[in-house]
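Residues per chain are reported as follows:
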Amino acid sequence: MSASILVVDDSSFNRLLLKRRLGELGYPEPEMVTNGREALAAIAARRFDVMLLDLEMPELDGIGVLEALHGQPHAPPVIVISAQTEMSGVIRCIELGAEDYLPKSFDPPLLRARLAAVLEKKRLRDLADERLAALEAELESARRAQLSLVPRDFAGLSRGAITVAAHMEPAREVGGDLYDILPLGAHHLMFVVADVAGKGASAGMTMARAFGLLRAAARLADAAGTLPDPGALLATANEDLAADNEDMTFITAALGIVDTRDGTGRIAVAGHEAPLLLGPAGVETLGGYRIQPALGIIEGLAYASAPFALAPGQGLLLLSDGVTEAQDHAGALFGKERVVEALTGQVEPAPAIATLLAAVAGFVDGAPAADDVTVLALRRAAT
């Protein structure tokens, strides 16, 4: 049997006896030390599959070793072998993480059974750790791939009188939010923030699909020399997303197209958070449009767009509900009022987003993210 075993006992007789018993059971020669300090040094130097630990030893006893190793991720499983038989001592060893407890007058078949059980548990734990590490690596790769989809060169995308910025932070390795900023023709920008119901890998895959649908439809219209309507783009995406949607996964979205010369444009909203207008006078909700059903629920829907116009110096901000529904440790929500408060006096896209995200971070105070957070802002120059 292949297993690296550490024997910790101050009695030379006990060490040699365990070495002999292990050899009879087919295990390779163990490493042997005489006290707890030597045991900790040996564990720091190499990995062991199991440790056979005596309790009464000089310098550092077995309880001290268990206390030092308690909670350590790479500590070996421990079988305590001791002459102590009091139940309080056995309980203390188990509380500190020992896998098993054997009296020193054990029979070889009992040692065989306990060792086999502990080593099998360690093998299964190691296998689970390997698979978890592989899964985390795959999810991190998927996260990088998802983040690579969204544009980051906001200076290159800002054109004419329009300046843009955006930020997306998935709650998990892969999120269900999306933003996009896409130049159309010489004088227009498409901008969108969308949110899949749910989080994780499946939401990320659905969002990547929606991302491709919206971009492809917009680019096809642009290649034909026509300016697409935001409502028509949402309708195109909805047809594909709603087809055979047995899980009823849906996407909320706010999508607009703005003329970079004068800040006029059209916007369509499908079950999404209301866009906000930012200006020197304060923050107000964009009006003049109607909220339509989310994407992916009903086939054949016609989505309508509505006009909007940014005055000189005015901005427009889109956000996902991961902002308004961010939760603190008590479960309270950040809410729309705090959004307005954080954005008051903010008009430049990048500083406005940074200020809002800082307010959210201060509110949640380290509480785990309940949802993905996405914010996009654009502004028409003051002159």
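Each value, and the rule that gives it
- Residues numbered from 1 in each chain as written.
- Predicted model: local features only at pLDDT ≥ 70, side-chain atom pairs only at ≥ 80, totals over all residues.
- Heavy atoms only, no water.
- Buried < 20%, exposed > 50% of the residue type's maximum accessible area, 1.4 Å probe, protein only.
- Helix = DSSP H or I, 4+ residues; strand = E, 2+ residues; numbered from the N terminus.
- Contact = heavy atoms within 4.5 Å.
- Polar contact = N/O pair within 3.5 Å; in protein donor to acceptor, adjacent residues only side chain to side chain.
- Arc of directions from axis to C-beta.
- Phe/Tyr/Trp six-rings, centres within 6.5 Å; stacked < 30°, edge-to-face > 60°.
- Pairing = 2+ DSSP bridges.
- Axes fitted to C-alpha atoms, helices over the stretch in contact; angles between N-to-C directions.

**Points about helix α3 (residues 62-69)**
Item 1. Restricting attention to buried positions, one finds in α3 the residues Gly62, Gly64, Val65, Leu66 and Leu69.
Item 2. Buried positions along α3 lie against α2 (36-45), β3 (50-53), β4 (78-82) and α4 (87-95).
Item 3. One side-chain oxygen at the N-terminal end of α3 lies 3.4 Å from the backbone nitrogen of Ile63; it belongs to Asp61.
Item 4. At the C-terminal side of α3, Gly71 shows a positive phi close to 85 degrees.

**Things to note about helix α10 (residues 335-343)**
A turn of α-helix holds 3.6 residues, and therefore any two residues three or four places apart point the same way.
Item 1. Taken together, the buried positions of α10 are Gly335, Val339, Ala342 and Leu343. Here the buried residues of α10 occupy an arc of 115 degrees about the axis, which is enough to place them on one side. Those residues of α10 that are exposed and aimed more than 90 degrees away from the buried face are Glu337 and Glu341.
Item 2. Trailing α10 by a residue or two, Gly345 shows a phi angle of about 85 degrees, which is positive.

**Considering the packing of aromatic side chains**
Aromatic ring pairs are reported here in terms of the distance separating the ring centres and the angle at which the planes meet.
Item 1. If you walk through the whole model with that rule in mind, you get three aromatic pairs.
Item 2. Residues Phe191 and Phe308 carry aromatic rings whose centres are separated by 6.2 Å and whose planes lie at 80 degrees to one another, so their mutual orientation is edge-to-face. Note that Phe191 is positioned in strand β8 (residues 188-196) and Phe308 in strand β14 (residues 306-309), a separation of 117 residues in sequence. One exposure class covers both Phe191 and Phe308, and it is buried.

**Here we look at the sheet that holds β4**
Item 1. The strand order across the open sheet formed by five strands is β2-β1-β3-β4-β5, and the pairing between neighbours is parallel. Since the sheet does not close on itself, it has two edges, and those belong to β2 (31-33) and β5 (100-103), each with one partner. Strand after strand, the sheet turns through a mean of 20 degrees between neighbouring axes, direction not considered.
Item 2. Relative to β2, strand β1 (residues 5-8) runs parallel, the two being bridged by three bridges. Across the sheet, residue Val7 finds its bridge partner in β2, namely Met32.
Item 3. Contacting β1, β2 and β3, α2 runs over the sheet at an angle of about 165 degrees to β1.

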